[in-house]
Amino acid sequence: MEHIQDNTVNPIILCEASLIEEMKLAVDAERLPTQFTAFDVKKWMKSDQITKSDGTPYDEISTDLLLNYSKHTPITRKRKLKVLYSSSNSRVFSFNPF
């Protein structure tokens, strides 16, 4: 997990960027739906045995981790778009705007 420091006492905990990239590839390959939930990601990680490049497992994914990534990651320079979007109820995620 990545940490972003801010002025509060508790750091914001995010999904690892490498997992987000794996998720994007999985959506492109139709291994994950275009709009997905944390449950979808957990199921995909288990069925496809998704691990870090060193072979260790990723920390368990949660809606909070995905939501934090969606809210607190910068807009990409190349596309001028956010990487991960969340729905208005913060339960469904997508790599394209809703």
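Above this text sits the structure in question.
Residues numbered from 1 in each chain as written. Predicted model: local features only at pLDDT ≥ 70, side-chain atom pairs only at ≥ 80, totals over all residues. Heavy atoms only, no water.

Caption draft 1: Quick look at the sheet that holds strand β5 (residues 93–94). One open sheet accounts for three strands, arranged β3-β5-β4; its pairing is antiparallel. Looking at which strands have only one partner, the edges of the open sheet turn out to be β3 (35–36) and β4 (85–86). Two strands pair when backbone bridges link them, and β4 and β5 are joined in this way by two bridges, in the antiparallel orientation. The residue bridging Tyr85 from the neighbouring strand is Ser94, located in β5. (Pairing = 2+ DSSP bridges. Helix = DSSP H or I, 4+ residues; strand = E, 2+ residues; numbered from the N terminus.)

Caption draft 2: Quick look at the nonpolar core. Ranked by size, the top nonpolar core spans 24 residues in total, and within it Met23, Val41, Trp44 and Leu66 carry the most contacts. Taken together, the elements giving at least two residues each to this core come down to β2 (12–14), α1 (17–28), α2 (38–47) and α3 (63–72). With five residues, the top contributor of residues to this core is α1. If near-sequence neighbours (up to four positions away) are discounted, Leu66 is found in contact with Cys15, Ile20, Met23, Ala38, Val41, Ile61, Leu84 and Phe93. (Core = buried A, V, L, I, M, F, W, Y, C linked by side-chain atoms within 4.5 Å. Buried < 20%, exposed > 50% of the residue type's maximum accessible area, 1.4 Å probe, protein only. Contact = heavy atoms within 4.5 Å.)

Caption draft 3: Molecular detail of the packing of α1 against α2. The contact between α1 and α2 brings their axes to 12 Å, and the two run at 90°. In terms of orientation, α1 and α2 fall into the roughly perpendicular class. Together, Leu19, Glu22, Met23 and Ala26 of α1 and Val41, Trp44 and Met45 of α2 make up the contact between the two elements. Of the residues belonging to the contact of α1 with α2, the class tally is six nonpolar, no polar and one charged. (Axes fitted to C-alpha atoms, helices over the stretch in contact; angles between N-to-C directions. Parallel < 35°, antiparallel > 145°, perpendicular 65-115°, else oblique. Nonpolar A, V, L, I, M, F, W, Y, C, P; charged D, E, K, R; others polar.)

Any functional reading would require information that these geometric values do not contain.
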